[in-house]
Amino acid sequence: MTIAYIGHGYVGLVTAAVFADLGNTVWVVGRSEDKIEKLKRGKLLFYEPGLAELVQRNIGAGRLHFTVNYKEAIVPSSVIFICVGTPSSTSGEADLTSVYKAAESIAKHLVGYKVIVTKSTVPPGTGRKVAEIIEKNKPEGSSFAIASAPEFLREGTAISDTLHPDRVIIGTTSDRARKILLELHKPINGKSVLCNVETAELIKYASNALLSTKISFANAMAFLSENVGADVEDVLEGVGMDKRIGRSFLYPGVGYGGSCFPKDVKALIAIAQLHDYDFSLLKAVDEVNQQAARHFVRKIVGHFGKKLRGKTIAMLGLAFKPNTDDMREAPSIYIAGDLIRRGARVVAYDPVAMENAKRMLPKEVLYARDAYAAADGADAVAVVTEWNEFIQLDLVRLAKGMNDLVLFDGRNIYDPQRVKALGFMYYGIGRM
Ligand SMILES: NC(=O)c1ccc[n+]([C@@H]2O[C@H](COP(=O)([O-])OP(=O)(O)OC[C@H]3O[C@@H](n4cnc5c(N)ncnc54)[C@H](O)[C@@H]3O)[C@@H](O)[C@H]2O)c1
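About the criteria used
- Residues numbered from 1 in each chain as written.
- Predicted model: local features only at pLDDT ≥ 70, side-chain atom pairs only at ≥ 80, totals over all residues.
- Helix = DSSP H or I, 4+ residues; strand = E, 2+ residues; numbered from the N terminus.
- Rg over C-alpha atoms; globule rule 2.2 N^0.38 Å.
- Buried ≥ 20, exposed ≤ 12 C-beta atoms within 10 Å, placed from the backbone.
- Domains from an automatic or database assignment.
- Contact = placed C-beta atoms within 7 Å.
- Nonpolar A, V, L, I, M, F, W, Y, C, P; charged D, E, K, R; others polar.
- Core = buried A, V, L, I, M, F, W, Y, C linked by C-beta atoms within 7 Å.
- Near = placed C-beta within 6 Å.
- Pairing = 2+ DSSP bridges.
- Right-handed = clockwise from strand over helix to strand, strands pointing away.
- Axes fitted to C-alpha atoms, helices over the stretch in contact; angles between N-to-C directions.
- Parallel < 35°, antiparallel > 145°, perpendicular 65-115°, else oblique.
- Left-handed = near helix turned anticlockwise from the far one by under 90°.

(A) Structural view of the overall build of the protein chain. The secondary structure content of the protein chain amounts to 18 helices and 14 strands. Here the protein chain has a C-alpha radius of gyration of 23 Å; the compact-globule value for 432 residues is 22 Å, and the two agree. Taking the principal axes of the C-alpha coordinates as reference, the protein chain spans close to 75 × 50 × 35 Å. By residue count, 47% of the 432 residues in the protein chain fall in the buried class.

Right, dumping it as structure tokens:
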């Protein structure tokens, strides 16, 4: 099949490369000539494990093409996926400007019959509006069906998530479009949920909101555990053994971040508001998430008191989660900013996100070549992202260069007893 993707971010580029690798001819449409030229040469604009090889292989095989010209991509394609960004507007609603712009550009080049699918996370009702825009702008004689196939890939494991998703959601009321989409997804493992467009759109928000709820619940339990003298990791282990609950996403830390959870929780609150429902549960989820980052800084402030001014904190991990260079809404932005405001010196290290971080963190933040260099001369280490290389850190070597042995473990990746036995003062989340 020949298919097109509008947008070459995490969702557009990863799914385009995977579907090219499955033998389809794939066109990717972007807005910037510069970026498209880089992509044509197999140069990626963000980090995702395994993606560079996949993109290069499929460019080489003549299956993956990049263009800024909608016509070149739309005319030969049977299915067109809209994968553009849907960031938060100031009121928390999803900003759909890029989705509607893409729909208009697609419409102008429609010939024959096309299936137009929204992969971007969009509020229920967006598919209907996309259909109206296309209907208004398409040439006479062309026809189309609208579908929603929300994406569930996770940055860091995006390729395998695309190949082996837990489910494929296909929302459309058109039998012809459903058949075409089922055919295209045949090589993909995972159960299908067939539903209407609005249901598919809501499934995506419901999933991200529930995952965020689990994280905020774990953080709230961590706050309480500290007050009652419990160990939240054991609490959640005990809770998670219940098969009805499970342990996944019940991990306390410095809060969730990234380009999806914070914006999707806010967007679902706004969607509910618009449809006469006060989603107070999700408002609390968002509030607890902000408390989590503040709670972490409070531990650092609590330890140093007024002496924090001038102290050096080695910050390990900046990306919102491991295996990505994505800094969008990363808790490190708040944590580094607050520490700097309080007069601390922050020396940061992240395996891949430092270039992006330099654009988003205060200019006072210094950067080190590795974790040991960051900790050299530091008065404390603060782990913010649980990269594997931090889990495996040689704490004896780390300690040798430090001015004072204090460890703030924002992700509970270390065994407190072991760390304390090495002479560190240890602060975890929800445990002593
Ligand atoms: N990143 C994730 O892990 C993830 C997972 C599932 C769903 N989503 C959702 O998928 C959507 C895209 O997310 P992303 O992370 O890939 O975003 P992104 O910001 O990484 O990429 C968006 C892309 O859209 C392009 N774009 C915007 N307007 C365009 C236009 N008119 N024509 C052509 N290209 C255009 C941008 O240049 C960019 O390449 C969002 O709605 C997001 O919520 C993201």
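(B) Looking closely at the domain arrangement of the protein chain. Domain boundaries assigned for the protein chain yield domain 1 (2–195) and domain 2 (261–427). For domain 1 versus domain 2, the distance between C-alpha centres works out to 34 Å. Domain 1 puts 14 residues into the contact, and the matching count from domain 2 is 14 residues. Partitioning the side of domain 1 that touches domain 2 into residue classes produces 7 nonpolar, 5 polar and 2 charged.

(C) Just the nonpolar core, in detail. In terms of nonpolar packing, the biggest core is built from 131 residues, with Ile6, Ile106, Leu316, Val381 and Ala382 touching the most fellow members. The dominant element in this core, judged by the number of residues it contributes, is helix 1 (residues 10–21), at 9 residues. Residue-level mapping places this core at the junction of two domains, with at least three residues from each of domain 1 (2–195) and domain 2 (261–427). Apart from the residues lying within four places of it in its own chain, the contact partners of Ile6 are Gly12, Val29, Ile80, Phe81, Ile82, Cys83, Val84, Ala102 and Ile106.

(D) Layout of the site of the ligand. The local shell around the ligand holds 25 residues, among which Gly7, Gly9, Val84, Ser98 and Ser120 are the closest. Counting only elements with at least two residues in the shell around the ligand, the list comes to helix 1 and helix 5 (97–108). In the shell around the ligand, the residues fall into 9 nonpolar, 11 polar and 5 charged.

(E) Representation of the sheet that holds strand 12 (residues 380–383) within the structure. Spatially, 6 strands are ordered 11-10-9-12-13-14 in an open sheet, and the strand pairing comes out parallel. Single-partner strands in this sheet number two, and they are strand 11 (366–367) and strand 14 (425–427). As paired strands, strand 9 (residues 312–316) and strand 12 are joined by 4 bridges and run parallel to one another. Across the sheet, Leu316 pairs through a bridge with Val383, a residue of strand 12.

(F) Spotlight on unusual backbone geometry. The phi angle at Asp276 is positive, at roughly 65 degrees, despite the residue not being glycine. Looking at where Asp276 falls in the secondary structure, it is placed in the loop between helix 11 (261–274) and helix 12 (280–304). Taking the C-beta count within 10 Å as the criterion, Asp276 has 6 such neighbours and is therefore assigned exposed. Look at Glu329: it is not a glycine, yet its phi comes out positive at around 55 degrees. Looking at Glu329, the number of C-beta atoms within 10 Å reads 20, which means it is buried.

(G) Examining the environment of Glu355 more closely. Following the sequence through the fold, Glu355 ends up in helix 14 (residues 354–360). We classify Glu355 as exposed; it has 12 C-beta atoms within 10 Å. Along the chain, Glu355 and Ala177 lie 178 residues apart, while their C-alpha atoms are 42 Å from each other.

(H) Summary view of the pairing of strand 10 (residues 345–349). Within strand 10, 4 of the 5 residues are buried, which leaves the element mostly enclosed by the surrounding structure. Bridge analysis of strand 9 against strand 10 gives 5 bridges, and the strand direction is parallel. Each bridged residue has a counterpart across the sheet, and for Ile313 the counterpart in strand 10 is Val346. The pairing of strand 10 with strand 11 spans 2 bridges and is classified as parallel. Bridge pairing in strand 11 places Val347 opposite Leu366. At this point the chain moves from strand 10, through helix 14, to the parallel strand 11, and the crossover so formed is right-handed.

(I) Summary view of the pairing of strand 4 (residues 79–82). Residues of strand 4 alternate between two faces, with Val79 and Phe81 on one and Ile80 and Ile82 on the opposite face, all of them buried. When strand 1 (residues 2–6) meets strand 4, the two strands line up parallel, connected through 4 bridges. Bridged to Ala4 within strand 4 is Ile80. In this view, the connection linking strand 4 to its parallel neighbour strand 5 (residues 113–118) by way of helix 5 has right-handed handedness.

(J) Representation of the packing of helix 9 (residues 197–228) against helix 10 (residues 232–240) within the structure. Taken N-terminus to C-terminus, the directions of helix 9 and helix 10 make an angle of 130 degrees; their axes are 9 Å apart at the nearest point. With respect to each other, helix 9 and helix 10 are oriented oblique. When the axes of helix 9 and helix 10 are compared, the crossing they make is right-handed. Contacts from Ala218, Met221, Ala222 and Ser225 in helix 9 reach Val232, Val235 and Leu236 in helix 10.

(K) Focus on the environment of Arg247. Within the secondary structure, Arg247 sits in the loop between helix 10 and helix 11. Judged by local crowding, Arg247 falls into the partly exposed class, with 15 C-beta atoms found within 10 Å. With 12 residues separating them in the primary sequence, Arg247 and Val235 have C-alpha atoms 11 Å apart. Leave out the neighbours within four places in its chain, and Arg247 touches Leu236 and Gly240.

(L) Here's a closer look at the environment of Ser160. Its place among the elements puts Ser160 in helix 7 (residues 158–163). Owing to 14 C-beta atoms within 10 Å, Ser160 belongs among the partly exposed residues under this scheme. A C-alpha to C-alpha distance of 24 Å links Ser160 and Arg41, two positions 119 residues apart in sequence.

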